[in-house]
Amino acid sequence: MLTADRTAFRDALPQGGRLLGMDVGTKTIGLALCDAGWSIASPAHTVVRGKFSKDKVALAAFIEQQQVRGLVIGLPLNLDGSESPRSQASRAFARNMADLGLPILLWDERWSTQAVTRTLLEADASRARRGELVDKLAASYILQGAIDGLMAGF
């Protein structure tokens, strides 16, 4: 199941379970995990992208190891909410991950990287340190927004 509808995604996981948040970029994929009760997201690590087939094998192994029940993939929309070429790339990535058999939620990530970068700048992180952290922190920001949205009204 691949959806942008948080209610349909939540209905696909009535027992909850760990979620994996993903910030999919052209060079890296930031990963974050949340607890089974969907209360807090934490940065996990960053995957340097190579051939998709090898990346998918590594991601599948991580998903199995962490007992992930669903995926939240950031969808980079334009500021006006319209789709961009990066949106289409993220949708294609999600479609290619669908055969893992997990529910996939596409989540608006318009401000994730900017918010994380601003926080790192305020913390006086060096450029190198920001480069190490930004992708997995952005994935955590995306995942936290999604779990907050999934838990709203329940």
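The shown structure was predicted, so the numbers you read here are calculated from the model rather than taken from an experiment.

## Concerning the pattern of salt bridges
In the structure shown here, the tally under the stated rule is 2 salt bridges. Here E83 makes a salt bridge to R91, at a shortest N to O gap of 2.7 Å.

## Digging into the pairing of strand 3 (residues 28–34)
Within strand 3, 7 of the 7 residues are buried, which leaves the element mostly enclosed by the surrounding structure. Neither face of strand 3 is exposed, since T28, G30, A32 and C34 on one face and I29, L31 and L33 on the opposite face are all buried. One ladder, built from 5 bridges, connects strand 2 (residues 18–24) with strand 3; its direction is antiparallel. Across the sheet, residue G21 finds its bridge partner in strand 3, namely A32.

## Focus on the packing of helix 2 (residues 52–65) against helix 3 (residues 85–97)
At their nearest, the axes of helix 2 and helix 3 sit 11 Å apart, and the two run at 60° to each other. Helix 2 and helix 3 meet at a crossing whose hand is right-handed. Residue-level inspection shows F52, K56, L59 and I63 of helix 2 in contact with helix 3, the latter providing F93, N96 and M97.

## What to know about the sheet that holds strand 5 (residues 68–75)
Pairing in this open sheet of 6 strands is mixed, and the strands run 1-6-5-2-3-4 from one edge to the other. With one partner strand each, in any of the chains shown, strand 1 (2–3) and strand 4 (41–48) form the two edges of the open sheet.

## Digging into the confidence of the model for the protein
Put simply, the protein has an average pLDDT of 84, and 82% of its residues get 70 or more. When mean pLDDT is compared element by element in the protein, strand 5 scores highest at 95, while helix 4 (residues 112–122) scores lowest at 59.

## Thoughts on the pairing of strand 6 (residues 104–108)
Burial of strand 6 is extensive: 4 of the 5 residues sit out of reach of the surface. Both strand 1 and strand 6 contribute to a ladder of 2 bridges, which runs parallel. In the strand pairing of strand 6, L2 is matched with I104. As paired elements, strand 5 and strand 6 share 5 bridges and run parallel to each other. Counted as the bridge partner of L75 is D108 from strand 6.

Rules behind the numbers
Residues numbered from 1 in each chain as written. Predicted model: local features only at pLDDT ≥ 70, side-chain atom pairs only at ≥ 80, totals over all residues. Heavy atoms only, no water. Salt bridge = Lys/Arg side-chain N within 4 Å of Asp/Glu carboxyl O. Buried < 20%, exposed > 50% of the residue type's maximum accessible area, 1.4 Å probe, protein only. Helix = DSSP H or I, 4+ residues; strand = E, 2+ residues; numbered from the N terminus. Pairing = 2+ DSSP bridges. Axes fitted to C-alpha atoms, helices over the stretch in contact; angles between N-to-C directions. Left-handed = near helix turned anticlockwise from the far one by under 90°. Contact = heavy atoms within 4.5 Å. pLDDT = per-residue confidence, 0-100.

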